[in-house]
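Examination of the molecular architecture
Spelled out, the chains give:
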Amino acid sequence: MNILITGGTGLIGKRLISFLLNRGMSLRLLSRRNFLKARVPSYQWSLAQGEIDGQAFEGVDVIIHLAGAGVAEGRWTDKRKKQIMDSRVESTKLIYETVAKLDNKPKALICASATGYYGLKEFAHESSEEENPGDDFLAEVCKRWEVEADRFKDLGLRVVKLRTGVVFDESGGALEKMVQPIRYFVGAPLGEGSQVVPWIHWKDWCGAVGHLIERESLSGAFNLVAPEPITNAALTRLIARIIRKPLWLPNVPAFALKLALGEMSSIVLQGHKVSSKKLEATGYEFEYLEAEQALFELLGQD
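The structure reproduced in this document is the subject of the present report. These numbers were taken from a predicted model, which means no experiment stands behind them.

How each quantity is defined
Residues numbered from 1 in each chain as written. Predicted model: local features only at pLDDT ≥ 70, side-chain atom pairs only at ≥ 80, totals over all residues. Heavy atoms only, no water. Helix = DSSP H or I, 4+ residues; strand = E, 2+ residues; numbered from the N terminus. Rg over C-alpha atoms; globule rule 2.2 N^0.38 Å. Buried < 20%, exposed > 50% of the residue type's maximum accessible area, 1.4 Å probe, protein only. Axes fitted to C-alpha atoms, helices over the stretch in contact; angles between N-to-C directions. Parallel < 35°, antiparallel > 145°, perpendicular 65-115°, else oblique. Contact = heavy atoms within 4.5 Å. Nonpolar A, V, L, I, M, F, W, Y, C, P; charged D, E, K, R; others polar. Left-handed = near helix turned anticlockwise from the far one by under 90°. Salt bridge = Lys/Arg side-chain N within 4 Å of Asp/Glu carboxyl O. Expected span 1.5 Å × (residues − 1). Polar contact = N/O pair within 3.5 Å; in protein donor to acceptor, adjacent residues only side chain to side chain. Pairing = 2+ DSSP bridges. Phe/Tyr/Trp six-rings, centres within 6.5 Å; stacked < 30°, edge-to-face > 60°. Lys NZ or Arg CZ within 6 Å of the ring centre and 35° of its normal.

1. As for the overall build of the protein chain
The number of helices and strands found in the protein chain is ten helices and 14 strands. Taken over C-alpha atoms, the radius of gyration comes to 19 Å for the protein chain, in line with the 19 Å a tight globule of 302 residues would show. If one aligns the C-alpha atoms of the protein chain with their principal axes, the spans along those axes are about 60 × 40 × 40 Å. When the 302 residues of the protein chain are sorted by exposure, 51% land in the buried category.

2. Thoughts on the packing of helix 2 (residues 78-100) against helix 3 (residues 137-150)
Between helix 2 and helix 3, the least distance of the axes is 8 Å, while the angle of their chain directions is 10°. Classed by the angle they form, the pair helix 2 and helix 3 counts as roughly parallel. In this structure, helix 2 contributes Lys 81, Ile 84, Met 85, Arg 88, Val 89, Thr 92 and Lys 93 to the contact, and helix 3 contributes Phe 137, Glu 140, Val 141, Arg 144, Trp 145, Glu 148 and Ala 149. Counted by class, the contact of helix 2 with helix 3 contains seven nonpolar, one polar and six charged residues.

3. Quick word on the packing of helix 4 (residues 173-183) against helix 6 (residues 232-243)
Relative orientation of the contacting elements helix 4 and helix 6 amounts to 65°, with a least axis distance of 10 Å. Crossing of helix 4 against helix 6: the hand is right-handed. On helix 6, the residues touching Leu 175, Met 178, Val 179, Ile 182 and Arg 183 of helix 4 are Leu 235, Thr 236, Ile 239, Ala 240 and Ile 243. Here the contact of helix 4 with helix 6 is built from residues that sort into eight nonpolar, one polar and one charged.

4. Brief notes about the pattern of salt bridges
The final tally for this structure, using the stated rule, is 17 salt bridges. The residue Asp 150 makes a salt bridge to Lys 153 at a minimum N-O spacing of 3.7 Å. Residue Lys 203 is joined to Glu 297 by a salt bridge in which the shortest nitrogen-to-oxygen separation is 3.1 Å. With Lys 203 in helix 5 (residues 202-214) and Glu 297 in helix 10 (residues 291-299), this pair connects stretches of sequence that are 94 residues apart.

5. Things to note about helix 3
For helix 3, with 14 residues, the first-to-last C-alpha span of 20 Å sits near the 20 Å given by 1.5 Å per residue. Here helix 3 has its buried residues at Phe 137, Leu 138, Ala 139, Val 141, Cys 142, Trp 145, Glu 146, Glu 148 and Ala 149. For helix 3, the elements touching its buried residues are strand 5 (62-65), helix 2, strand 6 (108-114), strand 8 (158-164) and helix 8 (266-269). Its side-chain oxygen placed 3.4 Å from the backbone nitrogen of Leu 138, Asp 136 serves as the N-cap of helix 3.

6. Quick word on the sheet that holds strand 3 (residues 42-46)
Taken in spatial order, the eight strands line up as 4-3-2-1-5-6-8-12 in an open sheet, and their pairing is mixed. Looking at strand neighbours, the two that pair on one side only are strand 4 (51-52) and strand 12 (220-224), the edges of this open sheet. Here five bridges tie strand 8 to strand 12, and the two strands are oriented parallel to one another. When the sheet's bridge partners are listed, Arg 163 is paired in strand 12 with Asn 223. This element, helix 3, spans strand 5, strand 6 and strand 8 of the sheet and lies at about 175° to strand 6.

7. With respect to the packing of aromatic side chains
Applying the stated criterion across every chain, the model contains five aromatic pairs. Judged by centre distance (5.1 Å) and plane angle (65°), the rings of Trp 76 and Phe 137 are edge-to-face. Highlighted residues: Trp 76 in the loop between strand 5 and helix 2 and Phe 137 in helix 3, separated in sequence by 61 residues. Each of the two residues, Trp 76 as well as Phe 137, counts as buried. Over the aromatic face of Phe 137 sits the side chain of Lys 81, whose NZ or CZ is 5.0 Å from the ring centroid. Above the ring of Tyr 96, the side-chain terminus of Arg 151 is found at 3.8 Å from the ring centroid.

8. So, the pairing of strand 3
By the criterion of burial, strand 3 is predominantly enclosed, with four of the five residues buried. Summarising the sheet, strand 2 (residues 26-31) and strand 3 pair through three bridges and their orientation is parallel. The partner of Ser 31 across the bridge, within strand 3, is Gln 44. Where strand 3 meets strand 4, two bridges bridge the pair, whose relative direction is antiparallel. Bridge pairing links Ser 46 to Glu 51 in strand 4. The antiparallel hairpin formed by strand 3 and strand 4 contains four residues in its connecting segment, where Gly 50 sits at a positive phi of about 65°.

Quick look at the structure:
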């Protein structure tokens, strides 16, 4: 199977490339930069110039579209919001326009999205895939991204949308940002601490993507989250216990986070349950069901 990946230079993209190579799949990378020593063939594209190397699509069976500006990498100014939105929506449009011109089109598009699609809900609420999108900024980003992805169905492609939760990876990303304050004795639950973190181990994320690639009868949105969610407070205590550091500070007040982060504070102050039942019903079996199991594997040798 020949697979083209965008966003393959990010943390989870690199994990996925290694995973799929180990599964015997043939990969190529679509990137803004030309990697002369890349592990897989690399082709360039430029969203700013609306250009893409059409050779990247020759013989491709599946496109995996992960590219997008980081949502937690800077305060949400109007300029940053535009970058976050355009890097997802406009890039998907550019890929669509390129695929539409191909005589031999890929069979499937697997497009990233996020559990942020569901918006801000009560912490005890559980979202499933048939639920309508929310109306906050991240929900709007996910909704518009998925609308563009769904257009590929008009070209005859199978479309799968990956509504991903917080990916736990010891090499960086969200988990590293959670661990660092605790490691240096300044960690504490955020806000009420009862907000839910819908998480997934990176190995299960890759496994679920591989599962969705190979099962060609599957399409639509899938929540990529572990079956057992955890609250922010419980996660903070668990990390502290695993890396053997004390927690002595009170919860970080919500107003302080809102003052420091602005609208972006919703990422850490909000969160509700998200169901994994649809993915499990397709036959995918999680390796890491509970956060304790996942974090001991990731941080236990700290």
